[in-house]
Amino acid sequence: MNLQSDDFELFGLARSFAQDRAALDARWKDLQRQAHPDKFTAQGAAAQRIAMQWSVRINEAYQRLKNPLKRAAYLCELHGAPVNAENNTTMPASFLMQQMQWREELDEAQGAQDLEQINQQCRQAERDVLLKIEQLLDQSHDYPAAVAQVRALMFIERFAADVNDRLDRIET
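Remember, predicted model here, so these are calculated numbers, not experimental data. (Residues numbered from 1 in each chain as written. Predicted model: local features only at pLDDT ≥ 70, side-chain atom pairs only at ≥ 80, totals over all residues. Heavy atoms only, no water.)

Peer 1: Is there a simple way to explain the overall build of the chain in this structure?
Peer 2: A count of helical and extended segments in the chain gives 7 helices and 0 strands. Mapped in sequence order, the helices and strands of the chain form the string α-α-α-α-α-α-α. The C-alpha atoms of the chain give a radius of gyration of 20 Å, which is well past the 16 Å a tight globule of 172 residues would have. Considered along the principal axes of its C-alpha atoms, the chain spans approximately 65 × 45 × 30 Å. (Helix = DSSP H or I, 4+ residues; strand = E, 2+ residues; numbered from the N terminus. Rg over C-alpha atoms; globule rule 2.2 N^0.38 Å.)

Have a look at this one:
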C-alpha cells in the first residue's frame with residue numbers, strides 16, 4: 001500500500017462508479033484492522049504515528065467511495081474533469097426550470113402529504129441522475145458530461161435536504 005495511491009487502488013477496486021457497497025464495507029474493515037495503531041505498539045511511537053496516518057487515509061478514501069456523489073466527483077477529477085462546483089454553477093435551462101418549479105412547490109406545500117410528494121419526485125430525479133452518471137462514467141467514459149450530472153445531483157441533494165428539513169419540522 002502507498003499513501004499516494006488513489007482511493008480505488010488503496011481499496012483494490014476498479015476505477016468505476018458502480019461499486020458493491022457490502023464489498024466496500026468489508027474491505028474498509030479489513031484495511032482498518034491492518035492499519036490500526038494498536039497493532040503497532042510493540043514497534044514504538046513512530047510506527048503508531050504511521051499507522052494513524054494510514055488509518056486516517058483509509059477513512060478519507062472510504063468516505064469518498066461509499067458516497068455516490070463524492071465517488072462520481074472523484075472519478076471525474078481522476079480523469080481530468082474536476083467538478084469545480086464552487087466556481088461553475090452553469091446548468092441547462094430545463095434543469096433550472098425544474099429547480100424553480102420544485103422551489104415553488106416547496107414554498108406552497110401545505111403539509112406532510114405535499115412534502116412527501118415533492119420528496120418522491122426528488123428521489124426519482126436523484127435515481128435518474130445516478131443512472132446517467134453510471135452510464136457516462138462506466139460505459140461512455142464521458143467525464144465532462146458526467147461533471148454536469150454531478151452538479152445536477154448536488155442541486156438535487158441540497159433540495160432534498162431542504163424538503164426533509166421541512167418534513168422534520170412538521171413531524172416534531
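Once you've had a look at it, read on.
Peer 1: I would appreciate a short explanation of the pattern of salt bridges in the present structure.
Peer 2: A side chain of one charge can pair with a side chain of the opposite charge when the charged atoms of the two come close. Using the criterion set out here, one finds 7 salt bridges in the structure. Salt-bridge contacts for aspartate 7 lead to arginine 64; the nearest nitrogen and oxygen are separated by 2.4 Å. Residue aspartate 7 is located in helix α1 (residues 7-11), and its partner arginine 64 is located in helix α3 (residues 45-66); the two are separated by 57 residues in the primary sequence. By relative accessible area, which is 27% here, arginine 64 ends up partly exposed. Two residues, arginine 103 and aspartate 162, come together in a salt bridge whose shortest N-O distance is 2.7 Å. With arginine 103 in helix α5 (residues 93-108) and aspartate 162 in helix α7 (residues 143-171), this residue pair connects regions lying 59 residues apart in the sequence. On the accessibility criterion, aspartate 162 (30% relative accessible area) is partly exposed. Through salt bridges with shared partners, a single network forms among Asp7, Arg57 and Arg64. (Salt bridge = Lys/Arg side-chain N within 4 Å of Asp/Glu carboxyl O. Buried < 20%, exposed > 50% of the residue type's maximum accessible area, 1.4 Å probe, protein only.)

Peer 1: Please explain the environment of arginine 21 as it appears in this structure.
Peer 2: By the element assignment, arginine 21 lies in helix α2 (residues 21-35). The class of arginine 21 is partly exposed, set by a relative accessible area of 40%. In this structure, the C-alpha to C-alpha distance between arginine 21 and leucine 106, residues 85 residues apart in sequence, is 32 Å.

Peer 1: Help me out: how do you make sense of the packing of α5 against α7 in this one?
Peer 2: The description of two packed helices rests on the angle between their axes and on the distance between the axes. For the pair α5 and α7, interaxial distance at closest approach is 11 Å and the crossing angle is 5 degrees. One finds that α5 runs roughly parallel with respect to α7. Contact residues: Phe95, Gln99, Trp102, Arg103, Leu106 and Asp107 in α5; Ala152, Phe155, Ile156, Phe159, Asp162, Val163 and Arg166 in α7. Across the contact of α5 with α7, the residue classes break down as 8 nonpolar, 1 polar and 4 charged. (Axes fitted to C-alpha atoms, helices over the stretch in contact; angles between N-to-C directions. Parallel < 35°, antiparallel > 145°, perpendicular 65-115°, else oblique. Contact = heavy atoms within 4.5 Å. Nonpolar A, V, L, I, M, F, W, Y, C, P; charged D, E, K, R; others polar.)

Peer 1: Whenever I open this one, α7 confuses me. Can you help?
Peer 2: Side chains of residues three or four places apart in an α-helix project in the same direction, reflecting 3.6 residues per turn. When the terminal C-alpha atoms of α7 are compared, their 41 Å separation across 29 residues agrees well with the 42 Å that a helix rising 1.5 Å per residue should span. N-cap assignment for α7: the residue whose side-chain oxygen lies 3.2 Å from the backbone N of alanine 145 is aspartate 142. (Expected span 1.5 Å × (residues − 1). Polar contact = N/O pair within 3.5 Å; in protein donor to acceptor, adjacent residues only side chain to side chain.)

Peer 1: Would you explain the side chain of asparagine 119 in this entry?
Peer 2: Residue position: asparagine 119 is located in helix α6 (residues 112-140). Overall, asparagine 119 belongs to the buried group, its relative accessible area being 12%. Setting aside residues no more than four positions away along its own chain, asparagine 119 makes contact with Val163, Asn164 and Leu167.

Peer 1: Would you mind showing me how to read the side chain of serine 5 here?
Peer 2: Structurally, the position occupied by serine 5 is in the segment before α1. For serine 5, a relative accessible area of 12% puts it in the buried group. Ignoring anything within four residues of it in the chain, the contact list for serine 5 reads Leu10 and Arg57.

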